[in-house]
Amino acid sequence: MAIRHFRGEYAFLSNFAESMIVVDGLIWGTVEHAFQAAKMLDEANKERIRGAPYPRLAKYLGRTLSPRRTDWEQCKEDIMHQMVTLKFKQNEHLLAKLLSTGTEELVEGNNWHDNIWGDCECPECQNIPGQNLLGKVIMRVRSELTPNQ
Ligand SMILES: [Zn+2]
């Protein structure tokens, strides 16, 4: 049985979940904030995103502000991996919850047409296979942070 929605008891898997992380000496409220800011070249825009009161706004700013890194497509998965690693390394209660999912497949099923990071379940996207990049990153972090037996 896969975990197909990052809500309810699995809301902690979402990048929108409150999970303070320290990146380069700065405190970020969620992975979403830190990830979106990483696209930006300019410090003022990074700070604007860091100060966004909620992650949906951080996401919006990350999509609209510029200038952005031109190599984003090549590095976005590595950056996601880095941020998700920090989330679970720096928040022990979240790591405990992550490890408790065992070897379940993790997929961010969604209805907002994201077939890159997740898998949209709307009728129009039914025949588009979701790449589930976020689920794959979280599963990789889970196995990397599983203590050696
Ligand atoms: Zn869709």
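First things first, this report covers the structure right here in the doc. (Residues numbered from 1 in each chain as written. Predicted model: local features only at pLDDT ≥ 70, side-chain atom pairs only at ≥ 80, totals over all residues. Heavy atoms only, no water.)

1. Side note on the nonpolar core
Then, number 1: Leu13, Val84, Phe88 and Ile138 are the most contacted members of the largest nonpolar core, which totals 37 residues.
Then, number 2: Mapped by element, the contributors of at least two residues to this core are strand 1 (21-23), helix 1 (31-37), helix 3 (55-64), helix 4 (72-90), helix 5 (92-99) and helix 6 (133-144).
Then, number 3: Considering every element that reaches this core, the biggest residue donor is helix 4, with 8 residues.
Then, number 4: When residues no more than four places from it in sequence are discounted, the contact partners of isoleucine 138 are Phe6, Leu13, Val84, Phe88, Leu98 and Leu106. (Core = buried A, V, L, I, M, F, W, Y, C linked by side-chain atoms within 4.5 Å. Buried < 20%, exposed > 50% of the residue type's maximum accessible area, 1.4 Å probe, protein only. Helix = DSSP H or I, 4+ residues; strand = E, 2+ residues; numbered from the N terminus. Contact = heavy atoms within 4.5 Å.)

2. Re the packing of helix 4 against helix 5
Then, number 1: For the pair helix 4 and helix 5, the least separation of the axes is 5 Å and the interaxial angle reads 105 degrees. The orientation of helix 4 with respect to helix 5, classified from their angle, is roughly perpendicular. Facing helix 4, whose interface residues are Lys87, Phe88 and Gln90, helix 5 presents Glu92, Leu94, Leu95 and Leu98.
Then, number 2: Grouping the amino acids of the contact of helix 4 with helix 5 by side-chain chemistry returns 4 nonpolar, 1 polar and 2 charged. (Axes fitted to C-alpha atoms, helices over the stretch in contact; angles between N-to-C directions. Parallel < 35°, antiparallel > 145°, perpendicular 65-115°, else oblique. Nonpolar A, V, L, I, M, F, W, Y, C, P; charged D, E, K, R; others polar.)

3. What about helix 6?
Then, number 1: Under the 1.5 Å per step criterion, the end-to-end length of helix 6 is 16 Å for 12 residues, consistent within 8% with the ideal 16 Å.
Then, number 2: The complete set of buried residues in helix 6 reads Leu133, Leu134, Gly135, Val137, Ile138, Val141 and Arg142.
Then, number 3: Tucked into the core, helix 6 has its buried residues touching helix 4 and helix 5. (Expected span 1.5 Å × (residues − 1).)

4. A word on the coordination of the zinc ion
Then, number 1: For the zinc ion, the full set of protein donor atoms is His113 (ND1), Cys120 (SG), Cys122 (SG) and Cys125 (SG), at a range of 2.1 to 2.3 Å.
Then, number 2: One can describe the site at the zinc ion as tetrahedral: its 4 donor atoms subtend angles covering 103 to 115 degrees at the metal.
Then, number 3: Spacing between the donor residues of the zinc ion along their common chain follows H-x6-C-x1-C-x2-C.
Then, number 4: Relative accessible area serves as the criterion here: at 3%, cysteine 120 is assigned to the buried category.
Then, number 5: Here cysteine 125 falls in the buried class, since its relative accessible area comes to 6%. (Donors = N, O, S within 2.8 Å, 3.2 Å for Na, K, Ca; no water. Tetrahedral: all angles 85-135°; square planar, octahedral: opposite > 155°, others 65-115°.)

Shape descriptors only; they carry no functional weight alone.
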